[in-house]
Amino acid sequence: MKTYTDYFFDEPAFNTHDGGYVPLETSKTAPQPLRIPELLQPDRVEGNDVYYTITAQTGSVQMLPGAPTKTWGFNAPFLGQTAVFQNGQTIHLHLVNHLPELTTFHWHGLDIPGPIEDGGCHAPVYPDGSRDVAFKVQQMASTNWLHAHPCPETAAQVYHGLAALAIVQDAHEASLPLPRDYGVDDIPVILQDRRFHEDNQWDYRADYDPDGVQGPTALVNGTVNPYFNVTTQKVRLRILDGANRREWRLHLSDDLPLVQIAGDASLLPEPVALTHVMITCAERQEFVVDFGQYQPGDEVTLYSDETPLLTFRIQDFQPDSRPLPEHLLDLAVPDADPEMPIKKVVLSGMDEAVMIDGTKFVMDRIDYRMPWHKCQIWDIENTNDEMGGMIHPFHMHGTGFKVISRNGHAPYPNETGLKDVVSLNPGEHVQIKVWFNVTGVFMYHCHILEHEDGGMMAQLEVFDPEKPKVQYDLMDHHKMMQAFADERGVEMKDLWLGGMSSYEKMKMHM
């Protein structure tokens, strides 16, 4: 197996060159055991129908010595319990909001109808309110996530802690010799960063940057300076970049290979070995790490650039000589419909000037319509060249897509599975194959959270050509802004939300 040793992306566009870049600092906090989120337990199971209650709640967590940090979470003080869904199950959710403001429950990566089940900005749950949704899981094994998605307050709510993993399992993945004992050899690794202010609290408004909020302290599953006790030779890492802005350039001490087995929406066809890999906002990457060359008492550290993130403390383990499969997945990708022209999407700008196709997001506007079960090539372009430009992670709701080229060349070696986030260098065209197996209204946007809140987002309707046109009751920005103002007890003119760019402020006060 060839081992790749670079980050693939263009170094001049790394976030280290941003004017507002905040470098990570090595923590002086005493090492702490890595927090492993609990598994979400069903309320009841009736055959393939599984029922859950998920509650958005306030809380507090002891992250640093001194005062606990006030946080939000799903069924937990911070982040959330990990949901595990089986392909073929019908999931029934009772969504409850115990926060002081409205929120939404977006299932990032699940191929489910929109806009309500998908949980984007059109599906608010108000304080002390609830909403019931149901959907059938019909997709391959993958690591997905649940996060808040109210426009334009997504960034602040995720920063407070509204993010959790959602794992889909299927029979094929279960047949492969891969680690899957959750919390033992199958480990969630949610990467985020924060700045701690007085009394260990966060202050999103004080840290606000329209190009993305960053902090100097790395959090892994909400743990500062974590370690994990390795008790098996092979460990599967399910890594999520759950940060608002930060991209992570990962490598292990001793250049121990990270063998990638999956991306956002599926296994890779074949495993890919890397000593260095970059993960951008909202991407998921699954790796198997083989610690067979180490002895009890040894330590191996996961770094981002030169900052340690997570220390693996080697314990006694049974030798495991089983090789990883050379082939993981036969990936069936439909042919593009020759009657459908290439759909072009342009990502542009920085700060409050970010746009898609030269315009800002409008919640009750449909920007594009596409029939379901038809495959179309989309050409995504990052035209941003201000101050050297920046990498934009492009995300689509409701489907996984296939990356087919970068500037006419092959995709990166670890982009060969299905994805729902693809990042673009400045000046780059990326072509993807897009098809939907569900209908509804879905957003596509940059997943730097402050960019999507600032209007770098558009909306498409996926329709069934054999059925009458559906009239969706789409929420508008003014209604949502008024709800936030009412919940905070302020006049609209005094409302502050980080994503209210000058364009949106003008609209709100016309």
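Quantities reported herein were computed from a predicted structural model and do not represent experimental measurements.

Examining the overall build of the protein chain
Part 1 of the reasoning: Assigned secondary structure in the protein chain consists of six helices and 34 strands.
Part 2 of the reasoning: Projecting the C-alpha coordinates of the protein chain onto the three principal axes gives extents of approximately 65 × 60 × 55 Å.
Part 3 of the reasoning: Out of the 510 residues in the protein chain, the part that is buried amounts to 62%.
Part 4 of the reasoning: Once local pairs closer than 6 in sequence are excluded, the contacts in the protein chain between residues at least 24 apart make up 76%.
Part 5 of the reasoning: As displayed, the protein chain offers around 19,000 Å² of accessible surface, 49% of which is attributable to carbon and sulfur atoms.

Considerations on the pattern of salt bridges
Part 1 of the reasoning: Counted by the stated rule, this structure contains 28 salt bridges.
Part 2 of the reasoning: Here Arg 246 ties to Asp 193 by a salt bridge, and the two come within 2.8 Å at their closest N and O atoms. Taken together, the residues Arg 246 in the loop between strand E16 (234-241) and strand E17 (248-252) and Asp 193 in strand E13 (residues 186-194) connect sequence positions 53 residues apart.
Part 3 of the reasoning: Salt-bridge contacts for Arg 195 lead to Asp 207; the nearest nitrogen and oxygen are separated by 3.9 Å. With a gap of 12 residues between them, Arg 195 in the loop between E13 and helix H3 (204-207) and Asp 207 in helix H3 connect regions that are remote in the sequence.
Part 4 of the reasoning: Counted as one network, the salt bridges with shared partners bring together Glu 173, Arg 180, Asp 186, Arg 236, Arg 238 and Glu 286.

A look at unusual backbone geometry
Part 1 of the reasoning: Of note, the amide linkage connecting Gly 114 to Pro 115 takes the cis form, showing an omega dihedral of 10 degrees.
Part 2 of the reasoning: One can find Pro 115 in the loop between strand E9 (106-108) and strand E10 (130-136).
Part 3 of the reasoning: The omega angle of the peptide bond from Cys 151 to Pro 152 is 0 degrees, so this bond is cis rather than trans.
Part 4 of the reasoning: Tracing the sequence through the fold places Pro 152 in the loop between strand E11 (142-147) and helix H1 (154-160).
Part 5 of the reasoning: One non-glycine residue, Ala 282, lies in the positive phi region at around 80 degrees.
Part 6 of the reasoning: Position of Ala 282 among the secondary structure elements: in the loop between strand E20 (277-279) and strand E21 (284-290).

A closer look at the environment of Pro 341
Part 1 of the reasoning: For Pro 341, the position within the fold is in the loop between strand E23 (307-314) and strand E24 (343-348).
Part 2 of the reasoning: Put simply, Pro 341 and Gln 376 are 35 residues apart on the chain and 7.4 Å apart in space, counted from C-alpha to C-alpha.
Part 3 of the reasoning: The contacts of Pro 341, once residues within four sequence positions are left out, are Gln 376 and Ile 377.

Some thoughts on the nonpolar core
Part 1 of the reasoning: Among the nonpolar cores identified, the biggest contains 42 residues, and Leu 237, Trp 248, Leu 250, Phe 291, Leu 309 and Phe 312 are the most heavily contacted of them.
Part 2 of the reasoning: Apart from the residues within four sequence positions on either side, Leu 237 is in contact with Ile 187, Val 189, Leu 258, Gln 285, Glu 286, Phe 287, Val 289 and Phe 312.
Part 3 of the reasoning: Ile 356, Met 390, Tyr 444 and Cys 446 belong to the second largest nonpolar core, which has 31 residues in total.

As for the pairing of E16
Part 1 of the reasoning: For E16, the tally of buried residues reaches eight of eight residues, placing the bulk of the element in the interior.
Part 2 of the reasoning: Both faces of E16 are covered, namely the face carrying Lys 234, Arg 236, Arg 238 and Leu 240 and the face carrying Val 235, Leu 237, Ile 239 and Asp 241.
Part 3 of the reasoning: Direction of pairing for E16 relative to E21: antiparallel, over a ladder of seven bridges. Among the inter-strand pairings, Ile 239 is bridged to a residue of E21, identified as Gln 285.

Regarding the sheet that holds E11
Part 1 of the reasoning: Strand order in the open sheet made by the four strands is E7-E12-E11-E9, with mixed pairing throughout. Pairing within the sheet leaves two strands with one partner each, and these edge strands are strand E7 (83-86) and E9. Put simply, the sheet's adjacent strands are angled 25 degrees from each other on average, direction ignored.
Part 2 of the reasoning: Relative to E11, E9 runs antiparallel, the two being bridged by three bridges. If you follow His 106 over to E11, its bridge partner there is His 147.

Concerning the packing of aromatic side chains
Each aromatic ring pair is described using two quantities: the centre-to-centre distance and the angle formed by the ring planes.
Part 1 of the reasoning: A complete count under the given rule lists 22 aromatic pairs for this structure.
Part 2 of the reasoning: Pairing Phe 8 with Tyr 412 gives two aromatic rings, centres 5.2 Å apart and planes at 15 degrees, and the pair type is stacked. Separated by 404 residues along the polypeptide, Phe 8 in the loop between strand E1 (3-4) and strand E2 (32-33) and Tyr 412 in the loop between strand E29 (401-406) and strand E30 (418-419) bring together distant segments of the chain.
Part 3 of the reasoning: Residue Tyr 412 is classed as buried on the basis of its relative accessible area, which comes to 12%.
Part 4 of the reasoning: Of note, Arg 194 hangs over the ring of Trp 202, and the distance from its end group to the ring centre comes to 4.9 Å.
Part 5 of the reasoning: The cationic tip of Lys 343 hangs over the ring face of Tyr 368; the distance from NZ or CZ to the ring centre is 4.2 Å.

A short note on the side chain of Asp 337
Part 1 of the reasoning: Along the chain, the position of Asp 337 falls in the loop between E23 and E24.
Part 2 of the reasoning: Within the structure, the side chain of Asp 337 is placed 2.8 Å from the backbone nitrogen of Glu 339, a separation counted as a polar contact.
Part 3 of the reasoning: Leaving out residues up to four positions away in the same chain, Asp 337 has contacts with Lys 374 and Cys 375.

Topic: the environment of Met 63
Part 1 of the reasoning: Residue placement: Met 63 occurs in the loop between strand E4 (49-61) and strand E5 (69-74).
Part 2 of the reasoning: On the basis of relative accessibility, which here comes to 1%, the residue Met 63 falls in the buried class.
Part 3 of the reasoning: Taking the C-alpha atoms as reference, Met 63 lies 33 Å from Gln 293; in sequence the two are 230 residues apart.
Part 4 of the reasoning: If we skip the residues at most four places from it in the chain, Met 63 touches Gln 32, Arg 35, Thr 69, Thr 71, Phe 78, Phe 196, Trp 202, Leu 219, Gly 222 and Val 224.

Focus: the sheet that holds strand E33 (residues 440-446)
Part 1 of the reasoning: Read across the open sheet, the five strands follow the order E26-E34-E33-E28-E31; overall the sheet is mixed. Looking at which strands have only one partner, the edges of the open sheet turn out to be strand E26 (368-371) and strand E31 (421-424). The average undirected angle you get between the axes of adjacent strands in this sheet is 25 degrees.
Part 2 of the reasoning: Bridge analysis of E33 against strand E34 (residues 457-463) gives six bridges, and the strand direction is antiparallel. Each bridged residue has a counterpart across the sheet, and for Met 443 the counterpart in E34 is Gln 459.

Cut-offs applied
- All residue numbers here refer to positions counted from 1 along the written sequence of the relevant chain.
- Local features in this predicted model are restricted to residues whose pLDDT is 70 or higher, and side-chain atom pairs enter the listing and the counts only when it is 80 or higher, whereas totals over whole chains, interfaces and linings include all residues.
- Note that water and hydrogens are dropped before the side-chain values are worked out from all heavy atoms of the structure.
- The secondary structure listing takes helices from DSSP runs of H or I that are at least 4 residues long and strands from runs of E that are at least 2 residues long, numbered from the N terminus.
- Relative accessibility thresholds used throughout: buried, under 20% of the residue-type maximum; exposed, over 50%; partly exposed, between the two (1.4 Å probe, protein chains only).
- Residue contacts are counted whenever heavy atoms from the two residues lie within 4.5 Å of one another.
- Accessible surface is estimated by sampling points in the Shrake-Rupley manner with a 1.4 Å probe; for residues, cover comes only from the protein chains shown.
- Should a side-chain nitrogen of Lys or Arg be within 4 Å of a carboxyl oxygen of Asp or Glu, the pair is scored as a salt bridge.
- Residues belong to one nonpolar core when they are buried, are Ala, Val, Leu, Ile, Met, Phe, Trp, Tyr or Cys, and are joined through side-chain atoms within 4.5 Å.
- When DSSP finds two or more bridges between two strands, those strands count as paired.
- Axis definition: a line fit to C-alpha positions, over the contact stretch in the case of helices; interaxial angles, taken between N-to-C directions, run 0 to 180 degrees.
- Between the rings of Phe, Tyr and Trp (Trp by its six-membered ring), a pair exists once the centres lie within 6.5 Å; its type follows the angle of the planes, with under 30 degrees stacked, over 60 edge-to-face, and the other angles tilted.
- Each ring is checked for a lysine NZ or an arginine CZ that lies within 6 Å of its centre and within 35 degrees of its normal; such an atom marks a charge sitting over the ring.
- Residues adjacent in sequence count toward polar contacts only when both atoms are side-chain atoms; beyond that, a polar contact is any pair of N or O atoms within 3.5 Å, and within protein one must be able to donate a hydrogen and the other to accept it.

None of this, on its own, says anything about what the molecule does.
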